[in-house]
Amino acid sequence: MVNISILSASIFSVGIGPILAWLGIGLAAGITSGAILMKIVLESKLKKAKSTASKIIENAYSEAKNISKEAILEAKEETHRLKTETDQEVRERRLEVQKLEEKIYAKEEFLNKKEEQLDIKSENLEQGKKEIEEKLKDLDVTKKELELSKLSITKELEKVSNLSKEEAKNMLINSLTEEAKKSAAKTVRDIEEEAKETANKKAQNLIAMAIQRCAADHTSEVTVTSVTLPNEEIKGRIIGREGRNIKALENATGVDLIIDDTPENIVLSGFDPVRREVARLSLEKLMMDGRIHPTRIEEVVEKVKRDIDQTIKEAGENAVFEADVNGLHPEIVKTLGRLKYRTSYGQNVLKHSQEVCYIAGLLAAEIGADIKLAKRGGLLHDLGKAIDHETEGTHVSIGVNLARKYKENENVINCIEAHHGDVEFKCIEAVLVQAADAISSSRPGARRESIENYIKRLEQLETIADSFKGVDKSYAISAGREVRVIVKPEEITDDEAMFLAKDIAKKIEEEMEYPGQIKVNVIRENRAIEYAK
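Residues numbered from 1 in each chain as written. Predicted model: local features only at pLDDT ≥ 70, side-chain atom pairs only at ≥ 80, totals over all residues. Heavy atoms only, no water.

Chemist: Whenever I open this one, the overall build of the protein confuses me. Can you help?
Modeler: When you go through the protein residue by residue, the secondary structure sums to 15 helices and eight strands. Looking at the protein alone, contacts between residues at least 24 apart form 62% of all its contacts between residues at least 6 apart. Working note: accessible area of the protein is about 37,000 Å², and carbon and sulfur atoms make up 55% of it. (Helix = DSSP H or I, 4+ residues; strand = E, 2+ residues; numbered from the N terminus. Contact = heavy atoms within 4.5 Å. Areas by Shrake-Rupley, 256 points an atom, 1.4 Å probe, with all protein chains shown as cover.)

Right, dumping it as structure tokens:
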């Protein structure tokens, strides 16, 4: 503090102007000396930087030389390797070219030899052609000579036999035709007898075994259904005032109610067995309930229809389950159930379809065919009968359309389509289904028909048999399943009898409709009768 005060005092005592002058001089000298020092320092650093840069350049130059040498070495090595590979490839190509040249030379030699051989053959052909032409000329001359000889011989023969050429020719043709027919008939008969000895026995065994293993019950239905009443008074209640109840019931079910003098009995008449069943069940429910009037009738009929639909569905499902046929479309199963209320010649169609399914499966097992396919085709073969009265077309075509609609197998469709012989068989299972259908429908008691149709069929059988030349008498026997034809022995030979049986069978197939099959039995016998006097 003292020094500062002394300095301050001295400054003020001396004067501020000189002091500032000295301070300026000192400051200029300091700046100058600082600049000199800075220049010295910068020059020193510059020298060091130049030295460092020159060293870096020298190092880079030497390193570049080293890299250049290595690159040259690598390039030489790569060039040597490529040259080696190229030389190797050139050698291989030369070998291939050499081999190809050898093959070409060999082919040229072969072609030259062939050309020489062809030249030789060509010369031979020319020579042979000339020889053939000479021979043809000789043949023409010989042919003319033969024709002249033939004409002279023909004239001589006509003089000797008193027959013209055409008459002799026709006589010879007729003679040969008769002889050929007899020979053919004998051959066919021998073949058939031989086949019958083996095939007939085997077929009978298979069919008998299939029938023995399949025993199905048959139900018979007609176009009328009888309903038993609990008492006679209920008839009046069913008729109703001015017949309104019976009209309501007939309108709701589509079935005719026949009320006559028969005690405690009403007859339901209708072509549709499902409608008759609805009417029968509705009538029974109404009688049990006691309330019989149009409104109640409509309610009961609707409820019974729903129950019948469920029954149809269950019947189809049970049939499929019992037959062990899987993967059927639900609509096909439902349609199959409707067959429960369909009949054919009095035979229940659902039972018939199940039986055909079983028999076809058994036959398929015996001969090694596809059992599942045979059973499936047998179960569905009459599917069209469930709706054939509701849609145009035969039950076969309707069944085929249904099966195609629901993507059934083509072989199953063929089983349906061919079971009446309408189309050709595409698989052995279709043949088995047709056979099973005939077995099921033709077994005794399976089907029935009206007495008028029965008599008409018998008469038609005998008429067809009598229409053939050489038939003496004909008899329809075995309920029309066999026609026995007795021929005149002086007009029909044993061999011709076989052809006659085939012709009669063919005409029966073309002109008649019948269940199962009909046996044509042609009998030819000679009887010698003499009287002792």
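Chemist: Explanation requested: the pattern of salt bridges in the structure shown.
Modeler: Any two side chains of opposite charge can pair, given that their charged atoms come close. Throughout the structure, instances matching the rule amount to 13 salt bridges. Between Arg81 and Glu78 there is a salt bridge, and its shortest N-O distance comes to 2.2 Å. Of this pair, Arg81 and Glu78 are both found in helix H2 (residues 16–161), three residues apart, which corresponds to roughly one turn of the helix. Several salt bridges converge on common partners, so that one network encompasses Asp289, Arg291, Arg296 and Glu299. (Salt bridge = Lys/Arg side-chain N within 4 Å of Asp/Glu carboxyl O.)

Chemist: Before we go on, may I ask you to explain the packing of helix H7 (residues 294–323) against helix H9 (residues 349–367) in this structure?
Modeler: The relative placement of two packed helices is expressed as an angle between their axes plus a distance between the axes. Packing of H7 against H9 brings their axes to within 10 Å, and their N-to-C directions diverge by 15 degrees. By the angle between their axes, H7 is roughly parallel relative to H9. The way H7 lies across H9 gives a crossing that is right-handed. Every residue of H9 that contacts H7 at Ala315, Ala319, Glu322 and Ala323 is listed here: Leu350, Gln354, Cys357 and Tyr358. A class-by-class count of the residues in the contact of H7 with H9 yields six nonpolar, one polar and one charged. (Axes fitted to C-alpha atoms, helices over the stretch in contact; angles between N-to-C directions. Parallel < 35°, antiparallel > 145°, perpendicular 65-115°, else oblique. Left-handed = near helix turned anticlockwise from the far one by under 90°. Nonpolar A, V, L, I, M, F, W, Y, C, P; charged D, E, K, R; others polar.)

Chemist: Teacher, can you tell me more about the environment of Asn526 here?
Modeler: Within the secondary structure, Asn526 sits in the segment after strand S8 (519–523). Taking the relative accessible area as the measure of exposure, Asn526 reaches 61% and is therefore exposed. (Buried < 20%, exposed > 50% of the residue type's maximum accessible area, 1.4 Å probe, protein only.)

Chemist: Would you mind showing me how to read the packing of aromatic side chains here?
Modeler: Aromatic ring pairs are reported here in terms of the distance separating the ring centres and the angle at which the planes meet. Here the structure, examined in full by the defined rule, presents zero aromatic pairs. The ring of Phe468 carries Lys507 above its face, with NZ or CZ at 5.4 Å from the centroid. (Phe/Tyr/Trp six-rings, centres within 6.5 Å; stacked < 30°, edge-to-face > 60°. Lys NZ or Arg CZ within 6 Å of the ring centre and 35° of its normal.)

Chemist: Teacher, can you tell me more about the pairing of strand S3 (residues 265–269) here?
Modeler: The two faces of a sheet get side chains in turn, since along a regular strand they alternate between them. Extensive coverage of S3 is indicated by the burial of four of its five residues. In this sheet, S3 lies alongside strand S2 (residues 256–258) in antiparallel orientation, the contact comprising three bridges. Directly across from Leu257, in S3, lies its bridge partner Leu268. If you look at the hairpin formed by S2 and S3, you'll find six residues sitting between the two strands, and Glu264 has a positive phi there, around 50 degrees. (Pairing = 2+ DSSP bridges.)

Chemist: I tried to follow H7 on my own but got confused; where do I start?
Modeler: In an α-helix there are 3.6 residues to a turn, and that puts residues three or four apart on one side. Over its 30 residues, H7 runs 43 Å from end to end, which matches the ideal 44 Å to within 8%, given 1.5 Å per residue. Within H7 the residues assigned to the buried category are Arg296, Ile297, Val300, Val301, Val304, Ile308, Ile312, Ala315, Gly316, Ala319, Val320 and Ala323. Contacts made by the buried residues of H7 are with helix H5 (244–253), helix H6 (273–289), helix H8 (330–338), H9 and helix H10 (371–380). (Expected span 1.5 Å × (residues − 1).)

Chemist: Explain a nonpolar patch on the surface to me, please; I cannot follow it from the model alone.
Modeler: A cluster of nonpolar side chains, contributed by Ile367, Phe425, Ile428 and Val431, occupies part of the molecular surface with about 310 Å² of accessible area. Within the fold, Val431 resides in helix H13 (residues 428–442). (Patch = residues over 30% accessible without salt bridge, like charges linked within 9 Å, V, L, I, M, F, W, Y side chains within 5 Å.)

Chemist: Would you take a moment to explain a negative patch on the surface for this structure?
Modeler: A contiguous patch of negative charge on the surface is contributed by Glu131, Glu133, Glu134, Asp138 and Asp140. Along the chain, Glu133 falls in helix H2. (Lys, Arg positive; Asp, Glu negative; His and termini not counted. Charge placed at Lys NZ, Arg CZ, Asp CG, Glu CD.)

Chemist: So what exactly am I meant to see when it comes to the nonpolar core here?
Modeler: In this structure, Leu328, Leu336, Leu379 and Leu380 are the most contacted members of the largest nonpolar core, which totals 28 residues. Every element with two or more residues in this core is listed here: H7, H8, H9, H10, helix H11 (395–405) and helix H12 (410–418). With sequence-adjacent residues up to four places away left out, Leu380 is seen in contact with Leu328, Ile332, Leu336, Glu408, Val412 and Ile416. The next biggest cluster of nonpolar side chains, apart from the first, holds 25 residues, and it includes Ile238, Ile266, Val278 and Ile308. (Core = buried A, V, L, I, M, F, W, Y, C linked by side-chain atoms within 4.5 Å.)

Chemist: Before we go on, may I ask you to explain the sheet that holds strand S6 (residues 471–477) in this structure?
Modeler: By definition, the strands of a sheet pair up through backbone hydrogen bonds, in either a parallel or an antiparallel sense. Ordered by their spatial adjacency, three strands build an open sheet running S6-S7-S8, and the pairing between neighbours is mixed. With partners counted over all chains shown, the strands left at the sheet margins are S6 and S8, one partner each. Adjacent strand axes in the sheet meet at a mean angle of 20 degrees when their direction is disregarded. Sheet strands touched by helix H15 (residues 494–511): S6, strand S7 (482–487) and S8. Its angle to S8, the strand with the most contacts, is close to 150 degrees.

Chemist: How should I be thinking about the side chain of Arg376 in this particular structure?
Modeler: Assignment of secondary structure puts Arg376 in helix H10. Judged by relative accessible area, Arg376 falls into the buried class, the value being 17%. Here the side chain of Arg376 touches Glu408 through a polar contact of 2.8 Å, side chain to side chain. Those residues in contact with Arg376 that lie beyond four places of it in its chain are Val325, Asn326, Gly327, Leu328, Glu408 and Val412. (Polar contact = N/O pair within 3.5 Å; in protein donor to acceptor, adjacent residues only side chain to side chain.)

Chemist: Looking at this structure, how should I read the state of the cysteines?
Modeler: When the sulfur atoms of two cysteines share a covalent bond, that bond is a disulfide. This model, assessed by the stated rule, comprises zero disulfides. Cys427 takes part in no disulfide bond, and the closest cysteine sulfur, belonging to Cys415, lies 4.5 Å away. (Disulfide = S-S within 2.5 Å.)

Chemist: For this particular structure, what's the right way to read H6?
Modeler: The end-to-end C-alpha distance of H6, which contains 17 residues, comes to 24 Å, matching closely the 24 Å that a straight helix rising 1.5 Å per residue would cover. A positive backbone phi angle near 90 degrees is found at Gly290, which sits one or two residues after H6.

Chemist: In this structure, what is going on with the packing of H10 against H12? I would like to understand it.
Modeler: Across the interface, H10 lies against H12 with an axial gap of 9 Å and an inter-helix angle of 45 degrees. The angle between the axes of H10 and H12 places the two elements in the oblique class. At the point where H10 passes H12, the crossing takes the right-handed sense. On H12, the residues that touch Leu373, Arg376, Gly377 and Leu380 of H10 are Asn411, Val412, Cys415 and Ile416. Grouping the amino acids of the contact of H10 with H12 by side-chain chemistry returns five nonpolar, two polar and one charged.

Chemist: Would you mind going over the confidence of the model for the protein with me for this structure?
Modeler: In low-pLDDT regions, the fine details of the predicted coordinates are not to be read closely. Confidence in the prediction for the protein averages 79 pLDDT; 83% of positions are at 70 or higher. Of all helices and strands in the protein, the one with the weakest mean pLDDT is helix H1 (residues 2–14) (47), whereas S8 scores best (89). Segment residues 4–14 is flagged for pLDDT under 50; beyond a separation of four residues in sequence, or across chains, it makes two contacts in the model. (pLDDT = per-residue confidence, 0-100.)

Chemist: Help me understand the side chain of Ser282, please; the structure alone is not making it clear to me.
Modeler: For Ser282, the location among the structural elements is in helix H6. When its relative accessible area of 0% is taken as the criterion, Ser282 is described as buried. If sequence neighbours within four positions are ignored, Ser282 has contacts with Val300, Val301 and Val304.

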